[in-house]
Amino acid sequence: MEIIGKGNANILIRFPNENDDKNDEYLYRFCIRPFQSLESYNSYTMTNHEFIKRELVPLLGEEYVCSLELVSLPICDDLKRILGPYCKSFITKNMIPASDSIMGLKVLNLKPSRLSMDILQEDHQLKVYVDATGDKIVLEVKPKWLYNPDTLGFCRNCVHNSFKKRENIKYCMASMVKARTHHQVNIMDLFHENTVKCLPEIFIDDLNNYFQNDDNVLKRLYYLQRNLSDKTVSIEKINSDDDVTTGLMILMILRDVTVFISWDKQDGDTDGNHISSHIIDLDLKPRSKWKHWQETERLLSKQSNNNNNNNCILHSNV
Ligand SMILES: O=P(O)(O)O[C@@H]1[C@@H](OP(=O)(O)O)[C@H](OP(=O)(O)O)[C@H](O)[C@H](OP(=O)(O)O)[C@H]1OP(=O)(O)O
Ligand SMILES: Nc1ncnc2c1ncn2[C@@H]1O[C@H](COP(=O)(O)OP(=O)(O)OP(=O)(O)O)[C@@H](O)[C@H]1O
């Protein structure tokens, strides 16, 4: 058993020799937020799975969501070793009877280990992976707030990066979805010079076409964020957990997803499209996070007032 990825709230595990369906590999995703008991852990995982299926899959479209299957697994020694440090209140040497099972999500591995991919470029919002042949390239993107409400008055993405001292990010992810009439999307903004040297021209062309197209995964997220942001209660109006509506919850989830954009030279559909996209990280957020959201918006607004430029890296670069 090996750990493939870990974030704030989840851990991704690969089971040895797991090779279910032809060449596809699967991973197991377990929550690592603190829970008091195995019952509450399992109940959260079921509720979360149900919420994603009910609210998010229909909104985003099945084709864009990474497949998620609810599974119940016996807590073997390997799982105890990996999950134990995060589940201290109920996974200890003596507390788990052999018959108890823990619930997780079985997900498609979007970066299959058999491809042994190298990382060409890496920052907080973008990772670029390539396999040894150069025929498969995967972009792991954290687009964040693609839609800026007019009332905001600054580029939320760029101010947020500046606030988090991410000086190495020289692109604006929100600019990747601007309407063509106002701004020609330039995917080359995303890549370092050295990365471009390693990327095949045909990949650049395909990616360019994908981003110019009106139905790409980032545009889908942009329109959903725009629609929800116009309709739901705004963050500054929240006073208690109960004020956090399902609409606001979904909006905050869509502002924090990760997207895998995969290009496969050998594998295209009938229209010659070699790019497929999958969204991960659609989990419920604790309603109590509204205080953190409010404070973040207050700090970003303050930061934007202190800046001299118009707060978007695209404009401050010219
Ligand atoms: O608070 P933010 O805006 O910095 O966003 C948090 C993210 O920081 P980032 O934007 O990537 O720098 C943060 O990402 P990192 O763990 O820092 O990579 C989480 O995604 C967090 O969500 P959750 O608590 O895991 O559900 C995110 O919290 P939410 O605000 O989306 O609930
Ligand atoms: N289906 C997948 N295929 C391949 N790698 C994955 C997959 N899902 C997640 N990962 C890897 O694991 C890492 C952590 O996963 P994930 O984003 O789900 O954790 P998280 O705790 O929810 O994140 P956050 O800290 O943003 O809340 C990802 O950044 C990614 O590199």
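Because the structure is a prediction, the values reported are computed rather than measured.

## Here's the deal with the site of ligand 2
Of all residues adjacent to ligand 2, which total 20 residues, the nearest are Asn8, Ala9, Asn10, Leu108 and Glu140. Contacts to ligand 2 include Glu140, whose side-chain N or O atom sits 2.8 Å from an oxygen atom. Across the complex, the protein chains shield 87% of the 630 Å² of accessible surface that ligand 2 would expose by itself. Elements that contribute at least two residues to the shell around ligand 2 include exactly strand 1 (2-6), strand 2 (10-14), strand 3 (26-31) and strand 5 (101-108). Partitioning the shell around ligand 2 into residue classes produces nine nonpolar, five polar and six charged. Per-domain counts for the shell around ligand 2 show at least three residues from each of domain 1 (2-108) and domain 2 (116-316).

## A look at the sheet that holds strand 2
The sheet built from five strands is open, its strands ordered 1-2-3-5-4 with antiparallel pairing. Single-partner strands in this sheet number two, and they are strand 1 and strand 4 (68-74). The average undirected angle you get between the axes of adjacent strands in this sheet is 35°. One ladder, built from four bridges, connects strand 2 with strand 3; its direction is antiparallel.

## A look at the packing of helix 1 (residues 38-60) against helix 7 (residues 246-254)
Contact geometry for helix 1 and helix 7: axes closest at 12 Å, N-to-C directions at 65°. The angle between helix 1 and helix 7 falls in the class roughly perpendicular. As for how helix 1 packs across helix 7, the hand of that crossing is right-handed. Within the contact between the two elements, helix 1 uses Phe51, Glu55, Leu56, Leu59 and Leu60 and helix 7 uses Thr246, Met249, Ile250, Ile253 and Leu254. Partitioned by chemical class, the residues of the contact of helix 1 with helix 7 number eight nonpolar, one polar and one charged.

## Re the sheet that holds strand 9 (residues 258-264)
Spatially, 6-7-8-9-10 is the arrangement adopted by the five strands of the open sheet, whose pairing is antiparallel. Here the strands that pair on one side only, and so sit at the sheet edges, are strand 6 (118-122) and strand 10 (275-280). Strand-to-strand twist in this sheet, taken as the mean axis angle between neighbours without regard to direction, amounts to 20°. For strand 9 and strand 10, the ladder comprises six bridges, and the chain directions are antiparallel. Looking at the pairing, Ser262 lines up with Ser276 of strand 10. Sheet strands touched by helix 5 (residues 201-212): strand 8 (136-141), strand 9 and strand 10. Its angle to strand 9, the strand with the most contacts, is close to 135°.

## Observations regarding the side chain of Lys219
By the element assignment, Lys219 lies in helix 6 (residues 217-231). Lys219 gets classed as buried once you look at its relative accessible area, which sits at 4%. The contact partners of Lys219, leaving out residues within four places of it in the chain, are Val177, Phe211, Gln212, Asn213 and Asp214.

## Section: the site of ligand 1
Within the structure, ligand 1 sits among 14 residues, and His124, Lys144, Lys164, Lys289 and His292 are positioned closest to it. A distance of 2.5 Å separates an oxygen atom of ligand 1 from a polar side-chain atom of His292. Calculation on ligand 1 without its partners gives an accessible area of 600 Å², and the protein chains cover 81% of this total. Contributing elements (two or more residues each) for the shell around ligand 1: helix 3 (156-163) and helix 8 (290-306). Tallied by class, the residues present in the shell around ligand 1 amount to one nonpolar, four polar and nine charged.

## Brief notes about the domain arrangement of the chain
Taken domain by domain, the chain consists of domain 1 (2-108) and domain 2 (116-316). Centre-to-centre, using C-alpha coordinates, domain 1 lies 26 Å away from domain 2. Taken together, the contact between domain 1 and domain 2 spans 17 residues of the former and 21 residues of the latter. When the two sides are added together, the surface that domain 1 and domain 2 hide from each other amounts to roughly 1700 Å², 65% of it contributed by carbon and sulfur. Across the pair Arg29 and Asp281 runs a salt bridge whose closest N-O atoms are separated by 3.2 Å. Where domain 1 touches domain 2, the interface holds nine residue pairs in polar contact (both at pLDDT 80 or more).

Definitions and cut-offs
Residues numbered from 1 in each chain as written. Chains lettered and ligands numbered in written order. Predicted model: local features only at pLDDT ≥ 70, side-chain atom pairs only at ≥ 80, totals over all residues. Heavy atoms only, no water. Near = heavy atom within 4 Å. Polar contact = N/O pair within 3.5 Å; in protein donor to acceptor, adjacent residues only side chain to side chain. Areas by Shrake-Rupley, 256 points an atom, 1.4 Å probe, with all protein chains shown as cover. Helix = DSSP H or I, 4+ residues; strand = E, 2+ residues; numbered from the N terminus. Nonpolar A, V, L, I, M, F, W, Y, C, P; charged D, E, K, R; others polar. Domains from an automatic or database assignment. Pairing = 2+ DSSP bridges. Axes fitted to C-alpha atoms, helices over the stretch in contact; angles between N-to-C directions. Parallel < 35°, antiparallel > 145°, perpendicular 65-115°, else oblique. Left-handed = near helix turned anticlockwise from the far one by under 90°. Contact = heavy atoms within 4.5 Å. Buried < 20%, exposed > 50% of the residue type's maximum accessible area, 1.4 Å probe, protein only. Buried area = accessible area lost by both parts, 1.4 Å probe. Salt bridge = Lys/Arg side-chain N within 4 Å of Asp/Glu carboxyl O.

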